[in-house]
Amino acid sequence: MSSAPSSTIRPLLHRSNFSLSAAPSLKSMRYNDPHPRYKVTVIGSGNWGSVAAKLIASNALKLSSFRDEVRMWVFEETLPNGEKLSQAINQTNENVRYLPGVNLGQNVVADPDLEHAVNDSNMLVFVSPHQFVEGVCKRLVGKLGKGVEAISLVKGMEVRVEGPCLISKLISELLGIHCCVLMGANIADEIAREQFSEATIGYKQNKEVAERWAQLFSTPYFSVSTVQDVEGVELCGTLKNVVAVAAGLVDGLQMGNNTKAAIMRIGLKEMRALSKRLFPSVKDSTFLESCGMADLITTSLGGRNKRVAEAFARNGGKRCTSFDELEAEILNGQKLQGVLTAKEVYEVLRINGWLSLFPLFRAVHEICSGQEPPSAIVRYKEIQLPSSL
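Let me begin by describing the structure that accompanies this report. Residue positions within a chain follow its written sequence, with the count starting from 1. For this predicted model, a pLDDT threshold of at least 70 governs which residues receive local features, and a threshold of 80 or more governs which side-chain atom pairs are given and counted, while totals over whole chains, interfaces and linings are taken from all residues. Only hydrogens and water are set aside; all other atoms, that is, all heavy atoms of the structure, feed into the side-chain values.

**Thoughts on helix α10 (residues 290-302)**
And step 1. Helix and strand assignments follow DSSP, with helices taken as H or I runs no shorter than four residues and strands as E runs no shorter than two, numbered in order from the N terminus. Working rule for helices: expected span equals 1.5 Å times residues minus one. Given a rise of 1.5 Å per residue, 13 residues ought to cover 18 Å, yet the end C-alpha atoms of α10 are separated by just 16 Å, more than 12% below that figure.
And step 2. Where α10 bends most, the angle comes to about 25°, and this point is Leu296.
And step 3. When α10 is considered as a whole, its buried residues turn out to be Ser290, Cys291, Gly292, Asp295, Leu296, Thr298, Thr299 and Ser300.
And step 4. Contacts between residues were defined by any pair of non-hydrogen atoms, one from each residue, lying within 4.5 Å. Looking at the buried side of α10, the elements it contacts are β9 (178-183), β10 (197-202), α8 (230-252), α9 (257-278) and α11 (304-314). In this analysis the local bend is the angle between axes fitted, respectively, to the seven residues ending at and the seven residues starting at the residue. Under the scheme applied here, a residue whose accessible area is under 20% of the maximum for its type counts as buried, over 50% as exposed, and between as partly exposed, the area being computed with a 1.4 Å probe on protein chains only.

Now the structure itself:
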């Protein structure tokens, strides 16, 4: 593999005159810099979005170039007690629906009005399920100011006739702004408990902007590196969800660690091969970053895609014609990405005539769509291609 050094941003020292544990109310806060340049809005308030807001909020208080207040757009919900989710977050500093028991920081302000949430913000963090990103962006067209930068924590792609469109490109096209990506071995609940994790930021050209994002996310327990390979980083984060579904099927069938390791190795091989077919500029070294092999390992061991696929296989794949029922039962309102991504990947392979080259990716979709039983995950080479191809 070719080598490409990555730069790791170390957490900055705390401002000596400020303690987060003794933070005053927002109204009484004052900045060391009388004119902070950057205002951040997190677009999304699920499990991972809430953790992202917590990370960002802690650093916004320490870095004088950022405004203290961090807005978090909330897709409004009514809780069982009749209270609105955004109100509950603002009253308790806790996302009681998607991240209960974790203090987000009193400088996180939940806002159910998307346009108001992004007003005057020049750093946007996209962290909603990938099937909703296009709709969100269309609502923001013409509503943003100049010099806005974005980063996507979203894993997925949009399939088009001319080829797949990654979420970062979708955001850039619709809003006319630059968009980096952040991916990595990041199970949200573990980061919320401040257990050590790593992540990778991918960027196209502007390293200064990438390092500013890294400053904003880095903490002693969350180490962020940057690499100039936005497509490679994003495809790693996207495609590993498909492999995690395969790993979950293996666990559900109780096939053992040898089988799971084999599926993960084959999955990593297909991830790399498809990434480089779609974007020849993708670097081999990216697959050794947190966004690559590390993310594949952690997601295949304990991520949501693995857990739901495991339950699906334990039921023989007969419980429902899709994963929707299990998603609702297991994920507490979170969205399953692997099944939808497997379908999108399958369409990319079919359109390009590559189905025979990626048998594991093909098998995952055919199992999820009910064309094959879960046991086909270790018989994928035997699956016959449709006669029309």
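**Regarding the layout of surface pockets**
And step 1. Of the pockets and cavities examined, the second largest pocket occupies roughly 330 Å³.
And step 2. The rule is simple: put a 1 Å grid over the protein atoms alone, call a set of points where a 1.4 Å probe fits but cannot get out a cavity, call an open set with protein on both sides within 12 Å along at least five of seven lines a pocket, and count a residue as lining if it has an atom within 4 Å of a point. Along the walls of the second largest pocket sit 17 residues, with Ser172, His178, Cys179, Lys204 and Val230 positioned nearest its centre.
And step 3. Sorting the residues of the lining of the second largest pocket by element identifies α5 (167-175), β9 and α8 as the ones contributing at least two each.
And step 4. Under the scheme applied here, ten amino acids are nonpolar (Ala, Val, Leu, Ile, Met, Phe, Trp, Tyr, Cys and Pro), four are charged (Asp, Glu, Lys and Arg), and all others, including Gly, are polar. Residues belonging to the lining of the second largest pocket are distributed by class as follows: eight nonpolar, five polar and four charged. Grid points are joined across faces, edges and corners, and a volume is the space filled by probe spheres set on the points.

**A word on the nonpolar core**
And step 1. Note on terminology: a nonpolar core comprises buried Ala, Val, Leu, Ile, Met, Phe, Trp, Tyr and Cys residues joined through side-chain atoms within 4.5 Å. Counting 48 residues, the largest nonpolar core has Leu182, Trp213, Phe217 and Phe222 as the members making the most contacts within it.
And step 2. Broken down by element, this core gets its largest block of residues, eight residues, from helix α1 (residues 47-60).
And step 3. The next biggest cluster of nonpolar side chains, apart from the first, holds 44 residues, and it includes Met157, Val181, Val243 and Tyr346.

**What about the packing of α8 against helix α13 (residues 338-352)?**
And step 1. Axis geometry follows a simple rule: fit a line to the C-alpha atoms, using only the stretch in contact for helices, then measure angles between N-to-C directions, giving values from 0 to 180 degrees. Between α8 and α13, the least distance of the axes is 8 Å, while the angle of their chain directions is 110°. Overall, the two elements α8 and α13 adopt an arrangement that is roughly perpendicular. For the pair α8 and α13, the contacting residues are Thr238, Leu239, Asn241, Val242 and Val245 in the first and Gly338, Val339, Thr341, Ala342 and Val345 in the second.
And step 2. Split into classes, the residues belonging to the contact of α8 with α13 amount to six nonpolar, four polar and no charged. In these notes the angle categories are as follows: under 35 degrees is roughly parallel, over 145 is roughly antiparallel, 65 to 115 is roughly perpendicular, and the rest is oblique.

**Comments concerning the pattern of salt bridges**
If charged atoms from side chains of opposite charge come close, those side chains can pair.
And step 1. Basic side-chain nitrogens of Lys or Arg form a salt bridge, by our definition, when they fall within 4 Å of a carboxyl oxygen of Asp or Glu. A complete count under the given rule lists 19 salt bridges for this structure.
And step 2. Here Glu69 makes a salt bridge to Arg71, at a shortest N to O gap of 2.7 Å.
And step 3. For Lys207, the salt bridge goes to Glu211, with nearest N and O atoms at 4.0 Å. Here Lys207 and its partner Glu211 are both found in helix α7 (residues 207-217), four residues apart, which amounts to about one turn of the helix.
And step 4. On the accessibility criterion, Glu211 (26% relative accessible area) is partly exposed.
And step 5. Salt bridges sharing partners connect three or more residues here, namely Asp251, Lys260, Lys306, Glu310 and Arg314.

**Points about the pairing of strand β6 (residues 149-152)**
Working note: regular strand, side chains alternate between the two faces of the sheet.
And step 1. Burial along β6 is two-sided: the face carrying Glu149 and Ile151 and the face carrying Ala150 and Ser152 are both buried.
And step 2. Relative to β6, strand β5 (residues 123-126) runs parallel, the two sharing four bridges. Along β6, the bridge assignment pairs Met123 with Glu149.
And step 3. For crossovers, right-handed means that the path from the first strand over the helix to the second runs clockwise, given strands pointing away from the viewer. This β-α-β element, β5 to helix α4 (residues 133-140) to β6, shows right-handed connectivity.
And step 4. A pair of strands is labelled paired if DSSP reports no fewer than 2 bridges between them. The sheet contact formed by β6 and β9 spans four bridges and is parallel. What sits directly across from Ile151, in β9, is Cys180.

**Description of the packing of α8 against α11**
And step 1. In the contact formed by α8 and α11, the axes pass within 7 Å of each other and the chain directions differ by 40°. Taken together, the axes of α8 and α11 are oblique relative to one another. Here α8 runs over α11; the crossing is right-handed. Across the interface between the two elements, Asn241, Ala244, Val245, Gly248, Leu249, Asp251 and Gly252 from α8 touch Asn305, Lys306, Ala309, Glu310, Phe312, Ala313 and Arg314 from α11.
And step 2. Tallied by class, residues from the contact of α8 with α11 come to six nonpolar, four polar and four charged. Left-handed is the label given to a crossing in which the near helix is rotated counterclockwise from the far helix by less than a right angle, and right-handed is the label when the rotation is clockwise.

**Some words on the environment of Gly105**
And step 1. Among the secondary structure elements, Gly105 is positioned in the loop between α2 (85-92) and β4 (108-111).
And step 2. On the basis of relative accessibility, which here comes to 10%, the residue Gly105 falls in the buried class.

In short, the description is geometric, and any link to function would need to be established separately.
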